[in-house]
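# Observations on the model geometry
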Amino acid sequence: MKWWTVGASLFASNIGSGHFVGLAGTGAASGIAVAGFEWNALFLVLLLGWLFVPVYLTAGVVTMPQYLRKRFGGTRIRLYLSLLSLLLYIFTKISVDMFSGAVFIQQALGWDIFISVIALLSITAIYTVTGGLAALMYTDSVQTLVIVGGAFILMGYAFNAVGGYDELVRLYPLAIPNITSTILSSPSSSPSSPSPSSAWLNISAACYTPRADAFHLLRDPVNSDLPWPALTFGLTVVGVWYWCSDQVIVQRCLAASNLTHVKAGCIFCGYLKLLPMYLMVLPGMISRVLYPDEVGCVVPERCLAICGTEVGCTNIAYPKLVIELLPSGLRGLMLAVMLAALMSSLASIFNSSSTIFTMDVWRRLRPQARDRELMLVGRIWVLFIVAVSIAWIPVVQAAQSGQLFDYIQSVTSFLAPPIASVFCLGMFAKRVNEPGAFWGLMFGLALGLTRLVAGFVYGSRSCVQQSSTSSTATSCPALVCGLHYLYFALLLFAATSLVVMVVSLLTEPIADKHLHRLVYSLRRSKEPRVDLDLEEVVEVVEVVEVVEVVEVVEVVETTWRRVADANGALLTCVAIFFWAYYA
């Protein structure tokens, strides 16, 4: 693959319907700070191309579990990574994709959210069975072009409707819903027929008034919704896992022609990641300005009628623009492409999760299982995760005050930092061994799951509940309610790293003969490597020849390598400028 294909594929693999719904929704709720999630990637793709991929290439691996097995030996870390991938598929991919697609259907057709999900799954099943993998591969590239093109068109309509960027800055602080109070009924009465003891409750202004720092990317480190140290450092921890060690992302780079094309592809992806601020976040804010009563809804009964959840309706910000602003032809095209991209994503996830479960989990339980049994188990597993994902949708609706993108990032922040820690230490610290990596992962998982479960137990409350009582807030531990999820990710990364290093120092180190071309400091080594797993013995001659070929190619392409390095420096400057301009 050439650099432009690598960059476009990285961007397409990252951006989906969940981004359009989630980024626009969080932008409508709180402003531009959510764009930091996208712009943080501008630095991380450079780490991917300059630090991580060179080691993956010289290690001769094609999957991330394979790298961990070569680096540490054994199978338990590989099995853990497979199981965690399945959890993340259910909680942050399948349920989120189904929900975001259902939001579009609900807004377009007025269907109930669960009827929309069932319709979506039914079409996806037909699409997957009749089209297969070839259809997915052919449609993905076309869909990406049409989605980005459609997003630019919608952005033009949105800015035209609001009167331009300056008008958005002026009008956003005024985007307040007209109804900001509700009847607080006694237990024996209903909202439609309140009893004489019922009283009107004025909902707290903080629930429906746009933030004063809505146009600030970097916000107060203690009292804001996205503290700047959490956004810069905590998000980097989560981003290292996603951009530098996730199979879907790294696989695109491993398919490149050579390392120069890897670097250039990462740069291209970095420039593309500048777009979501303008294609999704700002249109989401415009949607709140144009439709404050729907997008900015705060009264639970009204929110339930508008979008099917009581905690808020900001997730409908982008679909609302599509339905209201685009003419019929463009509206239908945009809806069709968004849903087609969503179905393609779901089909790919179903296939990947089925493969992981059958090959890494079921085959370990039943080594003698035949292909027919594996196929049947794979299909049953898909039905199981679909059922769990549908059951999880109400949690997705209500989590993080109904802000879909914050939900995705919070769940990832509780589960991903231990993996990022093990990959970073495994690649840059030779002393780290298998017991250290494994027990660090187990410690991080226990800590992360504790925080994840506690967050769901206390849950998100509507503004009425926040205004009428503080009992839940007072009983909620400070570690859950008082610590931002990105701060927690930073602490989880540090704690896991400490456990990994302590256990590694207390146990036997791995000899250098097992680490040649598997760690950054030995990436150029020509010494033969003796793999820790005997069934994956590396042929010494082949490894030396590969390293020599890579060196010859790099000598021939010295000029292009320097061009890539210069553009990497330029992208860093561009990223710093955009962060500083919107800070």
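Relevant structure appears above.
A brief structural summary. Only a predicted model underlies this, so the values are computations on that prediction, with no experimental measurement involved.

For the rest of this paragraph, the subject is the overall build of the chain. Within the chain, the secondary structure is distributed over 27 helices and two strands. Going through the 583 residues of the chain one by one, you find that 53% of them count as buried. Per element, the accessible surface of the chain, about 24,700 Å² overall, is 66% carbon and sulfur.

Two numbers describe a pair of packed helices, the interaxial angle and the distance between the axes. Across the interface, helix α21 (residues 434–458) lies against helix α25 (residues 485–506) with an axial gap of 8 Å and an inter-helix angle of 150 degrees. The angle between α21 and α25 places the two elements in the roughly antiparallel class. Handedness of the α21/α25 crossing: right-handed. Facing Pro-435, Gly-436, Ala-437, Trp-439, Gly-440, Phe-443, Gly-444, Leu-447, Gly-448 and Arg-451 of α21, the residues of α25 in contact are Phe-488, Leu-492, Ala-495, Thr-496, Val-499, Val-500, Val-503 and Ser-504. When the residues that make up the contact of α21 with α25 are grouped by side-chain class, the tally is eleven nonpolar, six polar and one charged.

Glancing now at the side chain of Asn-258. Tracing the chain through its elements places Asn-258 in the loop between α11 (247–254) and α12 (259–272). Asn-258 gets classed as buried once you look at its relative accessible area, which sits at 16%. Among the polar contacts made by the side chain of Asn-258, one reaches the main-chain amide nitrogen of His-261 at a distance of 3.1 Å.

So, about a nonpolar patch on the surface. A cluster of nonpolar side chains, namely Leu-109, Trp-111 and Ile-115, defines an oily patch on the protein surface of about 310 Å² accessible area. On the basis of relative accessible area, Ile-115 is assigned to the partly exposed category, the value being 49%.

This next bit is on the state of the cysteines. Disulfides are covalent bonds that connect the sulfur atoms of two cysteines. Here the structure, examined in full by the defined rule, presents two disulfides. Residue pairing for Cys-297: its cysteine sulfur links by disulfide to Cys-303, the two sulfurs lying 2.2 Å apart. Handedness of the Cys-297-Cys-303 disulfide follows from its S-S torsion of about -115 degrees: it is left-handed. Judged by relative accessible area, which is 0%, Cys-303 ranks as buried. Across the disulfide, Cys-307 is cross-linked to Cys-313 (sulfur-sulfur distance 2.1 Å).

A word on unusual backbone geometry. The backbone of Arg-517 shows a phi angle near 65 degrees, a positive value even though the residue is not glycine. With respect to the secondary-structure elements, Arg-517 resides in the loop between α25 and α26 (540–556). With a relative accessible area of 1%, Arg-517 lands in the buried category.

With that settled, the discussion passes to the pattern of salt bridges. By the definition in use, this model includes 13 salt bridges. For Arg-211, the salt bridge goes to Asp-225, with nearest N and O atoms at 3.5 Å. With Arg-211 in the loop between α9 (205–208) and α10 (228–245) and Asp-225 in the loop between α9 and α10, this residue pair connects regions lying 14 residues apart in the sequence. Look at Arg-211 and you get partly exposed, because its relative accessible area is 26%. Overall, Asp-225 belongs to the partly exposed group, its relative accessible area being 24%. Across the salt bridge formed by Arg-366 and Glu-373, the nearest N and O atoms sit 2.5 Å from each other. Judged by its relative accessible area of 22%, Glu-373 is partly exposed. One continuous salt-bridge network, built from bridges that share partners, spans Arg-211, Asp-213, Arg-219 and Asp-225.

The subject of this paragraph is the nonpolar core. Counting 164 residues, the largest nonpolar core has Phe-37, Trp-39, Tyr-56, Tyr-67, Leu-168, Trp-243 and Tyr-318 as its most contacted members. Here this core takes 17 residues from helix α6 (residues 76–109), the largest share from any one element. The contact partners of Trp-39, leaving out residues within four places of it in the chain, are Leu-217, Lys-273, Leu-274, Met-277, Tyr-278, Phe-578, Trp-579 and Tyr-582.

Here the focus is the packing of α10 against helix α20 (residues 417–428). Running from N to C, α10 and α20 cross one another at 65 degrees; their axes reach a closest spacing of 8 Å. Where α10 crosses over α20, the handedness of that crossing is left-handed. In this structure, α10 contributes Val-237, Val-240, Trp-241 and Ser-245 to the contact, and α20 contributes Pro-417, Ile-419, Ala-420, Phe-423 and Cys-424. Residue classes in the contact of α10 with α20 are distributed as eight nonpolar, one polar and no charged.

Tracing the chain through its elements places Tyr-80 in helix α6. Given a relative accessible area of 8%, Tyr-80 falls into the buried group. Taking C-alpha positions, Tyr-80 is 8.5 Å from Leu-441, a pair spaced 361 residues apart along the chain.

Glancing now at the packing of aromatic side chains. For the coordinates displayed, the defined rule picks out 22 aromatic pairs. Summarising the aromatic geometry, the rings of Tyr-165 and Phe-215 are spaced 6.2 Å apart at their centres and angled 85 degrees between planes, so their arrangement reads as edge-to-face. You can see Tyr-165 sitting in helix α8 (residues 165–171) and its partner Phe-215 sitting in the loop between α9 and α10, a full 50 residues away along the chain. Seen from their ring centres, Phe-357 and Trp-381 are 4.2 Å apart, and the 0 degrees between their planes marks the pair as stacked. With Phe-357 in helix α17 (residues 328–365) and Trp-381 in helix α18 (residues 371–398), this pair connects stretches of sequence that are 24 residues apart. Considered together, Phe-357 and Trp-381 belong to a single accessibility category, that of buried residues. An aromatic cluster of at least three residues, connected via ring pairs, comprises Phe-52, Tyr-56, Tyr-67, Phe-423, Phe-428 and Tyr-520. Over the ring of Phe-438 we find Arg-76, and its NZ or CZ is 3.9 Å from the ring centre. Taking the ring centre of Tyr-520 as reference, the NZ or CZ of Arg-523 above it sits at 3.9 Å.

Basis of the calculations
- Chains are numbered independently. Their residues run from 1 in the order of the written sequence.
- With the structure being a predicted model, the display of local features is reserved for residues of pLDDT at least 70 and the display and counting of side-chain atom pairs for 80 or more, all residues being used for whole-chain, interface and lining totals.
- Computation of side-chain values: all heavy atoms of the structure, hydrogens and water removed.
- Strands are runs of DSSP state E lasting at least 2 residues, helices are runs of H or I lasting at least 4, and numbering of each runs from the N terminus.
- Burial classification: accessible surface area is computed with a 1.4 Å probe over protein chains only, and a residue below 20% of its type maximum counts as buried, one above 50% as exposed, and the rest as partly exposed.
- All accessible-area figures derive from a Shrake-Rupley calculation using a 1.4 Å probe, and residue coverage is judged against the displayed protein chains alone.
- To obtain each axis, a line is fitted to C-alpha atoms, and for helices this fit is confined to the stretch in contact; angles are then taken between N-to-C directions over 0 to 180 degrees.
- In these notes the angle categories are as follows: under 35 degrees is roughly parallel, over 145 is roughly antiparallel, 65 to 115 is roughly perpendicular, and the rest is oblique.
- Crossings are assigned a handedness: left-handed for a near helix turned anticlockwise from the far helix by less than a right angle, right-handed for a clockwise turn.
- The contact criterion used is simple: two residues touch if any of their non-hydrogen atoms lie within 4.5 Å.
- Residues are grouped as follows: Ala, Val, Leu, Ile, Met, Phe, Trp, Tyr, Cys and Pro are nonpolar; Asp, Glu, Lys and Arg are charged; every other residue, Gly included, is polar.
- Pairs of N or O atoms are called polar contacts if they sit within 3.5 Å, as long as, within protein, a hydrogen donor faces a hydrogen acceptor (for residues adjacent in sequence, only side-chain-to-side-chain pairs).
- Candidate patch residues must exceed 30% relative accessible area and have no salt bridge, after which like charges are joined if within 9 Å and Val, Leu, Ile, Met, Phe, Trp or Tyr side chains if within 5 Å.
- Each salt bridge in this description consists of a side-chain nitrogen of Lys or Arg and a carboxyl oxygen of Asp or Glu lying within 4 Å of one another.
- Two cysteine sulfurs form a disulfide in these notes if their separation is within 2.5 Å.
- Nonpolar cores were defined as sets of buried Ala, Val, Leu, Ile, Met, Phe, Trp, Tyr and Cys residues, with membership established by side-chain atoms within 4.5 Å.
- A pair of Phe, Tyr and Trp rings is counted when the ring centres sit within 6.5 Å of each other, with Trp represented by its six-membered ring. The angle between the planes then sorts it: under 30 degrees is stacked, over 60 is edge-to-face, the rest tilted.
- A ring is scored as having a charge over it whenever the NZ atom of a lysine or the CZ atom of an arginine sits within 6 Å of its centre and within 35 degrees of its normal.

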